[in-house]
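Chain residues, written in single-letter form:
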Amino acid sequence: MNYQQFVETIKEKLALSFGADMELYVHDTLKNNGLERKGITISDHHTNLYPTIYMEEFYHQFQEGFPLDYLVENIVQVYHEVRFDHVWDVDIIKNFASIQSKIAYKLIHAERNRELLKNMPYVPYFDLAIVFYILFDVDEDGIGTIPVTNELAKLWCVDSHELLRIAHRNSPSLLPVSFQSMSDFLEGILRKNGQYTHPIKSVLYILSNSLKNFGASAILYDGVLEQVADQIKENFFVIPSSIHEMMIVAESDSPGKEELCNIVAEANREHVEVEEVLSDRVYYYDVSTKELK
């Protein structure tokens, strides 16, 4: 069974499982870095927020021998975990005065997202692009967002520079900055899991936001890099770990920019999900000029 046949079969079985009150349709989405994903959107009459559950992971499980009925049960469980119980007032999105306080920004790679950027306002930033989204829901499982498209920007009568001004004001309060050493981060995880035995030493720091979602954009917040410099006390490199965070390392603790670039490129190829890769480039902060290069 090929992937397309698998998705259609899963859709049919889900339809039988959910019954006539639910509508299902296959949805193709262009995601970050040109990744095309196929999912099943599940809707009911209780809400107008419909989750799309992507099928790639389940297809891999099917190829490993998991039975279809088992996968369907798991997808139904996922749906109940992520579904929304309330109705979203779509007219609020059309009303710029009502929605502008929820507009935030994130960073994506410009060249790898040429097609995506054709349909949305953005501001160039080094080899990256600052793009915008509406932050409409936040809970312990993550955040719910709606991308700001050219169509929305036209409806609101705003351009990319006005969106940047608004998102720059909103983002630090909607998603406050988080800065901690890698040592503290790892020790915190180990303590939480009851596995902490001794201190961990690391020269790396993690710069993100409080939810660790699209947190690489925290480097755009006013004064953040200056605050990092105050703590590190010297020039430093900013390493794009993913779209969700930046790693910081003092220049004196680093192997040099060229080697760091090689490390990041290899990590992006081998360890970072395609959709979450930000850049292979490493940036350099000069304390004397307060500039990122």
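Rules behind the numbers
- Residues numbered from 1 in each chain as written.
- Predicted model: local features only at pLDDT ≥ 70, side-chain atom pairs only at ≥ 80, totals over all residues.
- Heavy atoms only, no water.
- Helix = DSSP H or I, 4+ residues; strand = E, 2+ residues; numbered from the N terminus.
- Buried < 20%, exposed > 50% of the residue type's maximum accessible area, 1.4 Å probe, protein only.
- Pairing = 2+ DSSP bridges.
- Axes fitted to C-alpha atoms, helices over the stretch in contact; angles between N-to-C directions.
- Core = buried A, V, L, I, M, F, W, Y, C linked by side-chain atoms within 4.5 Å.
- Contact = heavy atoms within 4.5 Å.
- Left-handed = near helix turned anticlockwise from the far one by under 90°.
- Nonpolar A, V, L, I, M, F, W, Y, C, P; charged D, E, K, R; others polar.
- Salt bridge = Lys/Arg side-chain N within 4 Å of Asp/Glu carboxyl O.
- Expected span 1.5 Å × (residues − 1).
- Arc of directions from axis to C-beta.
- Phe/Tyr/Trp six-rings, centres within 6.5 Å; stacked < 30°, edge-to-face > 60°.
- Lys NZ or Arg CZ within 6 Å of the ring centre and 35° of its normal.
- pLDDT = per-residue confidence, 0-100.

> It is not clear to me how the overall build of the protein should be interpreted in this structure. Could you clarify?
For the protein, the helix and strand inventory stands at eleven helices and 13 strands. Put simply, the protein has 293 residues, and 44% of those count as buried.

> How should I be thinking about the environment of Gly256 in this particular structure?
Looking at the element boundaries, Gly256 is found in the loop between strand S11 (245-250) and helix H11 (257-270). Gly256 sits in the partly exposed class, given a relative accessible area of 22%. Separated by 19 residues in the primary sequence, Gly256 and Phe237 place their C-alpha atoms 8.9 Å from one another.

> Just checking my understanding: could you explain the sheet that holds strand S3 (residues 52-54) for this structure?
What holds strands together in a sheet is hydrogen bonding between their backbones, with the strands either parallel or antiparallel. The strand order across the open sheet formed by three strands is S1-S2-S3, and the pairing between neighbours is antiparallel. The outermost strands of the open sheet, each flanked by one partner alone, are strand S1 (23-30) and S3. When the angles between neighbouring strand axes are averaged without regard to direction, this sheet yields 35°. Relative to strand S2 (residues 36-43), S1 runs antiparallel, the two sharing eight bridges. Bridged to Leu30 within S2 is Glu36.

> Explanation requested: the nonpolar core in the structure shown.
Where a protein is soluble and globular, its nonpolar side chains tend to be buried together. Within the largest apolar cluster, 46 residues are counted, with the highest numbers of intra-cluster contacts made by Leu107, Phe132, Trp156, Ile219 and Phe236. With six residues, strand S6 (residues 128-139) is the single largest residue contributor to this core. Contacts of Phe236, omitting those with residues within four sequence positions, involve Leu225, Val228, Ala229, Ile248, Val249, Ala250, Glu251, Tyr283, Tyr284 and Tyr285.

> For this particular structure, what's the right way to read the sheet that holds strand S12 (residues 283-286)?
Read across the sheet, six strands follow the order S8-S9-S11-S10-S12-S13 without closing on themselves; strand pairing throughout is antiparallel. Two strands close off the open sheet at either side, each with one partner strand: strand S8 (177-181) and strand S13 (291-292). Sheet topology places strand S10 (residues 236-242) next to S12; three bridges connect them, and they run antiparallel. Its bridge partner being in S12, Val238 is matched across the sheet by Tyr283.

> Help me out: how do you make sense of the packing of helix H1 (residues 3-18) against helix H3 (residues 68-82) in this one?
The relative placement of two packed helices is expressed as an angle between their axes plus a distance between the axes. Running from N to C, H1 and H3 point in directions that differ by 65°, and their axes come no closer than 10 Å. Once H1 is placed against H3, the crossing between them reads as right-handed. Mapping the contact onto sequence places Phe6, Thr9, Ile10, Lys13, Leu14, Ser17 and Phe18 in H1 and Leu68, Asp69, Leu71, Val72, Ile75, Val76, Tyr79 and His80 in H3. Residues belonging to the contact of H1 with H3 are distributed by class as follows: ten nonpolar, three polar and two charged.

> Would you mind going over the pattern of salt bridges with me for this structure?
Where side chains of opposite charge bring their charged atoms close, a pairing between them can arise. A complete count under the given rule lists ten salt bridges for this structure. One salt bridge connects Arg37 with Glu275, and the closest N-O pair in it is separated by 3.2 Å. You can see Arg37 sitting in strand S2 and its partner Glu275 sitting in the loop between H11 and S12, a full 238 residues away along the chain. Residue classification places Arg37 among the partly exposed residues on the basis of a relative accessible area of 22%.

> I keep staring at H11 and nothing clicks. Help me out?
Over its 14 residues, H11 runs 20 Å from end to end, which matches the ideal 20 Å to within 8%, given 1.5 Å per residue. Of all the residues in H11, the buried ones are Leu260, Val264, Ala265 and Asn268. Projected onto a plane normal to the axis of H11, the buried residues spread over an arc of 135° and lie on a single side. Projecting away from the buried face of H11 at angles above 90 degrees are the exposed residues Glu258, Arg269 and Glu270. Those residues of H11 that are buried lie in contact with S10 and S11.

> Which parts of the structure should I look at to understand the packing of aromatic side chains?
Taken as a whole and assessed by the stated rule, the structure comprises 14 aromatic pairs. Plain terms: the ring middles of Phe66 and Tyr70 are 5.4 Å apart, the flat faces sit at 20° to each other, and that makes the pair stacked. Judged by its relative accessible area of 32%, Phe66 falls in the partly exposed class. Feature note: the residues Tyr3, Phe6, Tyr59 and Phe62 constitute an aromatic cluster, connected by ring pairs. Positioned above the aromatic ring of Phe214 is the side chain of Lys106, whose terminal nitrogen or guanidinium carbon lies 4.3 Å from the ring centre.

> Is there a simple way to think about the confidence of the model for the protein in this case?
Caution applies to low-pLDDT parts of the model: their predicted coordinates are not meant to be read in detail. Residues with a pLDDT of 70 or more make up 87% of the protein, whose mean pLDDT is 88. Taken element by element, the predicted model of the protein shows its lowest mean pLDDT in helix H9 (residues 182-192) (55) and its highest in strand S5 (residues 122-125) (98).

> Please clarify how H3 should be interpreted in this entry.
An α-helix turns once every 3.6 residues. As a result, residues three or four positions apart point the same way. The terminal C-alpha atoms of H3 lie 21 Å apart, and with 15 residues this matches the ideal 21 Å at 1.5 Å per residue to within 8%. Taken residue by residue, H3 has Leu68, Leu71, Val72, Ile75, Val76 and Tyr79 as its buried positions. Each buried residue of H3 sits inside an arc of 140° when the element is viewed along its axis, so together they form one side. The exposed set on the far side of H3, more than 90 degrees from its buried face, consists of Glu73 and Glu81.

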